Amino acid sequence: MPDMSASASLAMTHLVPLAKEVDENKVTPGVLGFIVFAVMAVAVWGLMKSMNRHMGKVDFTEKPEAAADPATGSGASPASPAKG
(Lines give C-alpha, C1' and ligand atoms only; values in the text may rest on other atoms or scores of the structure.)
Protein backbone atom coordinates (compact mmCIF):
# COMPACT_ATOMS: atom_id res chain seq x y z
CA MET A 1 0.00 0.00 0.00
CA PRO A 2 1.54 3.37 -0.95
CA ASP A 3 2.46 5.89 1.73
CA MET A 4 0.07 8.72 2.50
CA SER A 5 0.92 12.07 1.00
CA ALA A 6 2.41 14.73 3.26
CA SER A 7 -0.76 16.83 3.27
CA ALA A 8 -2.95 13.86 4.20
CA SER A 9 -0.67 12.83 7.06
CA LEU A 10 -0.51 16.45 8.26
CA ALA A 11 -4.32 16.63 8.22
CA MET A 12 -4.56 13.39 10.18
CA THR A 13 -2.17 14.66 12.86
CA HIS A 14 -4.34 17.74 13.32
CA LEU A 15 -7.65 15.84 13.33
CA VAL A 16 -6.70 13.10 15.77
CA PRO A 17 -6.50 15.43 18.82
CA LEU A 18 -9.84 16.96 17.81
CA ALA A 19 -11.45 13.52 17.73
CA LYS A 20 -10.46 12.87 21.35
CA GLU A 21 -12.26 16.06 22.47
CA VAL A 22 -15.62 14.94 20.98
CA ASP A 23 -18.19 13.75 23.50
CA GLU A 24 -18.90 10.13 22.57
CA ASN A 25 -22.48 10.35 23.87
CA LYS A 26 -23.34 13.31 21.65
CA VAL A 27 -23.27 12.92 17.88
CA THR A 28 -24.14 15.79 15.56
CA PRO A 29 -24.10 16.01 11.76
CA GLY A 30 -21.98 19.15 11.83
CA VAL A 31 -21.13 21.42 8.94
CA LEU A 32 -20.69 18.60 6.42
CA GLY A 33 -24.21 17.33 7.15
CA PHE A 34 -25.62 20.82 6.66
CA ILE A 35 -23.75 21.26 3.37
CA VAL A 36 -25.01 17.92 2.04
CA PHE A 37 -28.58 18.75 3.09
CA ALA A 38 -28.38 22.22 1.54
CA VAL A 39 -27.05 20.84 -1.77
CA MET A 40 -29.84 18.25 -1.88
CA ALA A 41 -32.45 20.94 -1.14
CA VAL A 42 -31.13 23.16 -3.94
CA ALA A 43 -31.13 20.18 -6.32
CA VAL A 44 -34.77 19.32 -5.50
CA TRP A 45 -35.77 22.97 -5.91
CA GLY A 46 -34.07 23.09 -9.31
CA LEU A 47 -35.73 19.85 -10.43
CA MET A 48 -39.16 21.10 -9.35
CA LYS A 49 -38.62 24.39 -11.18
CA SER A 50 -37.59 22.51 -14.33
CA MET A 51 -40.58 20.16 -14.06
CA ASN A 52 -42.92 23.12 -13.65
CA ARG A 53 -41.45 24.76 -16.77
CA HIS A 54 -41.83 21.53 -18.79
CA MET A 55 -45.38 20.93 -17.58
CA GLY A 56 -46.26 24.46 -18.69
CA LYS A 57 -45.32 23.52 -22.26
CA VAL A 58 -47.68 20.51 -22.33
CA ASP A 59 -50.93 21.01 -24.24
CA PHE A 60 -53.70 19.22 -22.35
CA THR A 61 -56.48 19.77 -24.90
CA GLU A 62 -57.58 16.66 -26.74
CA LYS A 63 -57.49 16.56 -30.50
CA PRO A 64 -60.83 15.80 -32.14
CA GLU A 65 -61.26 12.27 -33.43
CA ALA A 66 -61.22 11.63 -37.16
CA ALA A 67 -64.62 12.03 -38.83
CA ALA A 68 -66.53 8.81 -39.36
CA ASP A 69 -66.03 7.27 -42.78
CA PRO A 70 -69.44 7.38 -44.55
CA ALA A 71 -68.71 4.18 -46.54
CA THR A 72 -67.99 1.97 -43.52
CA GLY A 73 -69.99 3.86 -40.93
CA SER A 74 -67.13 3.78 -38.43
CA GLY A 75 -64.21 6.00 -37.56
CA ALA A 76 -61.62 3.37 -38.52
CA SER A 77 -59.32 4.13 -41.41
CA PRO A 78 -59.70 1.95 -44.52
CA ALA A 79 -56.06 0.85 -44.31
CA SER A 80 -56.46 -0.74 -40.87
CA PRO A 81 -56.83 -4.54 -40.87
CA ALA A 82 -60.10 -6.06 -39.75
CA LYS A 83 -60.06 -7.88 -36.41
CA GLY A 84 -62.04 -10.96 -35.74
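Look up a bit, the structure's there.
Residues numbered from 1 in each chain as written. Predicted model: local features only at pLDDT ≥ 70, side-chain atom pairs only at ≥ 80, totals over all residues. Heavy atoms only, no water.

Novice: What is the right way to look at the overall build of the chain in this model?
Specialist: Looking only at helices and strands, the chain has two helices and zero strands in total. Burial status across the chain gives 0% buried among its 84 residues. With the model as given, the accessible surface of the chain reaches about 8400 Å², and the carbon-plus-sulfur share is 68%. (Helix = DSSP H or I, 4+ residues; strand = E, 2+ residues; numbered from the N terminus. Buried < 20%, exposed > 50% of the residue type's maximum accessible area, 1.4 Å probe, protein only. Areas by Shrake-Rupley, 256 points an atom, 1.4 Å probe, with all protein chains shown as cover.)

Novice: Even after reading the chapter, I still don't get helix α2 (residues 30–57), so can you show me in this structure?
Specialist: Within an α-helix, residues lying three or four positions from one another point in the same direction, as the helix has 3.6 residues per turn. For α2, which comprises 28 residues, the first-to-last C-alpha distance of 42 Å matches the rise-based estimate of 40 Å (1.5 Å per residue) to within 8%. Of all 28 residues making up α2, only zero are buried, and the element is barely covered by its neighbours. (Expected span 1.5 Å × (residues − 1).)

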